[in-house]
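What follows is each chain in one-letter form.
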Amino acid sequence: MRIISAASYISSTRFVGCLFLISPFTCSSTAPFSFINNKTKRRRRGRSCCKIINMEMTDADDFVCTPRMFLLDTCRYRSNLPPLESGDVLPYNEGPDDMGLYGDAEEEGEGQEDRIVNDEETGVFRCDVTSIPEACYGGIIGRGGSTKKGLESDTNTRIYIKQKNNSNSNRRGRGQGRGGLYREPEGILVEGKSYNDVEVCRTRLQLLAEETIRTRLPPTHFISVPLNTPQLKERVTQFANALKTEYTGDTAIPGLFDDMFVDVASFHVTVGVMKLYYKNDVDLAVRTLEECAKELTRMLEGGTREVVVRGLSSFPPGKQAKSNQLWAKVASSSSSTSSACTFQDLMNTIASEFHSKGLMDNETVEVHATIVNNKHHKDRGQQRGQRGRRIPIDLREVLANSDFCDYEFGTTSISSLHLSKMKRQKGEFYDAEHTVTI
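In this text the structure is predicted, and so the values were computed from the model without any measurement.

Draft legend 1. The packing of helix 5 (residues 146-155) against helix 6 (residues 195-215), seen in detail. Relative orientation of the contacting elements helix 5 and helix 6 amounts to 150°, with a least axis distance of 9 Å. What the angle tells us is that helix 5 and helix 6 run roughly antiparallel. Every pair of crossing elements has a handedness; the one defined by helix 5 and helix 6 is right-handed. In this structure, helix 5 uses T147, L151, D154 and T155 to contact helix 6, whose residues at the interface are D197, V200, C201, R204, L205 and L208. Along the lines of polarity and charge, the residues of the contact of helix 5 with helix 6 split into five nonpolar, two polar and three charged.

Draft legend 2. The nonpolar core, seen in detail. Of all hydrophobic cores here, the largest spans 58 residues; its most connected members are F343, M347, F354 and F409. Counting residues per element, this core draws most heavily on helix 8 (residues 279-299), at eight residues. Each residue touching F343, except ones within four places of it in the same chain, is listed here: V225, V269, V307, V330, A331, S332, V367 and I414. If you look at the next biggest cluster of nonpolar residues, it comprises 23 residues, including I141, L151, L217 and Y277.

Draft legend 3. View of the pattern of salt bridges. One pass over the full model with this rule turns up 14 salt bridges. A salt bridge links E433 to K421, with the nearest nitrogen and oxygen atoms 3.9 Å apart. Highlighted residues: E433 in strand 17 (residues 432-437) and K421 in strand 16 (residues 416-421), separated in sequence by twelve residues. According to the relative accessible area criterion, K421 is partly exposed, its value standing at 26%. Each member of the salt-bridge network shares a partner with another, and the members are D119, R126 and E191.

Draft legend 4. A look at the sheet that holds strand 8 (residues 157-161). One open sheet holds the four strands; their spatial order is 6-7-9-8, and the pairing between them is antiparallel. Sheet topology places strand 6 (116-118) and strand 8 at the edges, where each strand pairs with a single neighbour. For this sheet the average axis-to-axis angle between neighbouring strands, irrespective of direction, equals 20°. Note that strand 7 (residues 125-129) and strand 9 (residues 188-192) share five bridges and pair antiparallel. Bridged to F125 within strand 9 is G192.

Draft legend 5. Representation of the pairing of strand 12 (residues 306-315) within the structure. Burial within strand 12 is extensive, with seven of its ten residues counted as buried. As judged from the five bridges shared by strand 12 and strand 15 (residues 408-413), these two strands associate in the antiparallel manner. Counterpart to E306 in the pairing with strand 15 is S413. Bridging between strand 12 and strand 13 (residues 325-332) involves seven bridges; their strand directions are antiparallel. Looking at strand 13, one finds that V307 is bridged to S332.

Draft legend 6. Region of the structure containing unusual backbone geometry. Here F315 and P316 are connected by a cis peptide whose omega angle stands at 0°. If you check the backbone angles, N156 has positive phi at about 60° while not being a glycine. Structurally, N156 can be placed in the loop between helix 5 and strand 8. Relative accessible area serves as the criterion here: at 29%, N156 is assigned to the partly exposed category.

Draft legend 7. Looking closely at helix 8. Across its 21 residues, helix 8 extends 30 Å between first and last C-alpha, which sits within 8% of the 30 Å expected from 1.5 Å per residue. For helix 8, the full list of buried residues reads D281, V282, A285, V286, T288, L289, C292, A293, L296 and M299. Contacts from the buried residues of helix 8 go to strand 10 (221-226), helix 9 (343-356), strand 16 and strand 17.

Draft legend 8. Inspection of the environment of S323 at higher detail. You can see S323 is positioned in the loop between strand 12 and strand 13. Each C-alpha atom, one on S323 and one on D394, is 6.3 Å from the other, the two residues being 71 residues apart in sequence. Apart from residues no more than four positions distant in its own chain, S323 is found in contact with S314, F315, P316, N374, P392, I393 and L395. Engagement of the side chain of S323 in a polar contact is seen with the backbone oxygen of Q320, the distance being 3.1 Å.

Draft legend 9. Focus on the pairing of strand 10. Within strand 10, six of the six residues are buried, which leaves it mostly tucked inside the rest of the structure. Because side chains alternate across strand 10, one face comprises the buried residues H221, I223 and V225, and the other comprises F222, S224 and P226, equally buried. Of the strand pairs in this sheet, strand 10 and strand 11 (residues 268-274) are connected by six bridges, and their pairing is antiparallel. For H221, the partnering residue across the bridge sits in strand 11 and is M274. In this sheet, strand 16 lies alongside strand 10 in antiparallel orientation, the contact comprising four bridges. Bridging from a neighbouring strand, F222 pairs with S420 of strand 16.

Calculation notes
Along each chain, residues carry numbers from 1 onward, in the same order as the chain's sequence is written. Whole-chain, interface and lining totals are the exception, using all residues; otherwise, since this is a predicted model, local features are given only for residues with pLDDT of at least 70 and side-chain atom pairs are given and counted only at 80 or more. Heavy atoms from the whole structure form the basis of all side-chain values; hydrogens and water molecules are not counted. Lines fitted to the C-alpha atoms define the axes, with helices restricted to the stretch that makes contact. Angles between their N-to-C directions range from 0 to 180 degrees. Runs of E in the DSSP output that reach at least two residues are strands. Runs of H or I that reach at least four are helices, and both are numbered from the N terminus. Here roughly perpendicular refers to angles of 65 to 115 degrees, roughly parallel to angles under 35, roughly antiparallel to angles over 145, and oblique to all remaining angles. Crossings are classed by handedness, with left-handed meaning an anticlockwise turn of the near helix from the far one by less than a right angle and right-handed meaning a clockwise turn. Any two residues having at least one pair of non-hydrogen atoms within 4.5 Å are treated as being in contact. Each residue is assigned to one class: nonpolar for Ala, Val, Leu, Ile, Met, Phe, Trp, Tyr, Cys and Pro, charged for Asp, Glu, Lys and Arg, and polar for all the others, Gly among them. Among the buried residues, those of types Ala, Val, Leu, Ile, Met, Phe, Trp, Tyr and Cys that are joined through side-chain atoms within 4.5 Å form a nonpolar core. For the exposure calls, accessible area comes from a 1.4 Å probe over protein chains only, and a residue counts as buried if that area is under 20% of its type's maximum, exposed if over 50%, partly exposed in between. Whenever Lys or Arg places a side-chain nitrogen within 4 Å of a carboxyl oxygen from Asp or Glu, that contact is recorded as a salt bridge. When DSSP locates at least two bridges between a pair of strands, those strands are taken to pair. The span one expects for a helix is its residue count, reduced by one, times 1.5 Å. Polar contacts here mean pairs of N or O atoms no more than 3.5 Å apart (in protein, one a potential hydrogen donor and the other a potential acceptor; neighbouring residues in sequence count only if both atoms are side-chain atoms).

Okay, structure coming up:
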């Protein structure tokens with residue numbers, strides 16, 4: 001009979017899908033299809049039980065029908081098999097020297113990341129997991145080390161993490177470690193008695209890093225259109241001074257403080273924010289920005305790049321009495337309204353392209369330039385437990401004042417796009433990962 005096994009496949013990046021493997025080999029009655037549980041542990045809340053799964057087959061069948069597999073929660077994972085050449089089928093090997101599954105280590109050389117190696121003197125299998133960003137280490141360790149300890153228990157391995165300013169944090173109590181002398185990890189070091197254990201742990205570390213980035217870590221980059229021309233910076237400063245003068249003393253705007261006004265050197269339009277913790281993601285964002293620049297240049301042929309900054313709005317919309325931000329509206333100037341595309345169209349094109357590559361959440365843009373943001377305010381007088389909470393701003397009177405609601409900031413010509421980092425020096429624009437001209 002034919003053997004059909006359903007397995008979940010995970011690649012070396014981030015995609016988790018479903019794979020059905022159909023073997024052309026016939027299973028005899030003397031080699032029944034069976035599962036062998038090498039480890040069985042009690043299921044813990046918030047943790048996953050791992051079981052190494054193999055089948056009893058012949059050497060030829062092993063390579064196709066018996067890939068390295070393990071059970072994680074309700075999903076079954078397997079290592080990716082390379083294509084077979086010249087009809088040759090290599091025997092399945094339990095160790096790391098399986099050239100059919102993992103390639104020739106000497107040919108791969110330094111280009112292979114997170115390799116699992118065997119210390120011949122001690123028999124310990126080790127893997128330096130250098131592909132995981134250091135920002136994810138906190139999520140891997142968990143509160144009081146609970147996540148790390150649970151992962152070690154589930155996979156029968158030891159995990160050592162080298163963090164900044166704490167290089168010896170894992171040394172206490174380790175002694176000679178699990179069968180080997182102490183060795184400082186390059187990032188995350190996994191040690192285990194078997195190749196399978198280390199491989200399972202490495203995969204779960206990568207999954208845990210992805211979850212940490214998705215749920216816990218802040219954005220690192222954003223696409224920006226600089227508006228920090230001398231004219232616009234001067235007008236934004238004049239607006240801020242006029243607002244402070246108009247609403248002072250008894251007429252002061254509730255919740256508005258001086259440190260909430262943005263630095264005019266960083267005045268810009270934000271297209272969207274991204275979490276680029278992996279170098280591959282940064283490289284993809286750079287390539288995508290280059291593609292967007294070419295597309296925008298084509299869209300602007302025969303048109304003008306001039307935009308006007310005029311008028312105000314608040315965020316969140318519809319909550320003027322409890323606003324977090326005060327925005328300046330940005331749109332195509334009257335001289336460019338007859339063009340084939342507007343500034344809004346250009347921004348939406350960029351967002352849509354980055355969204356299609358999985359780099360950005362939003363497909364469209366609410367075009368604006370932030371003038372006031374209450375996240376910059378640090379109130380030392382707040383009670384303990386309330387520090388860090390945003391103080392809402394009542395902007396109803398400002399938005400109803402004709403002198404401010406249609407305030408004219410000026411015009412400028414758009415000439416560049418920035419892949420900006422979430423950091424900058426005072427009085428300067430955001431550090432650029434990459435810049436393109438349009």
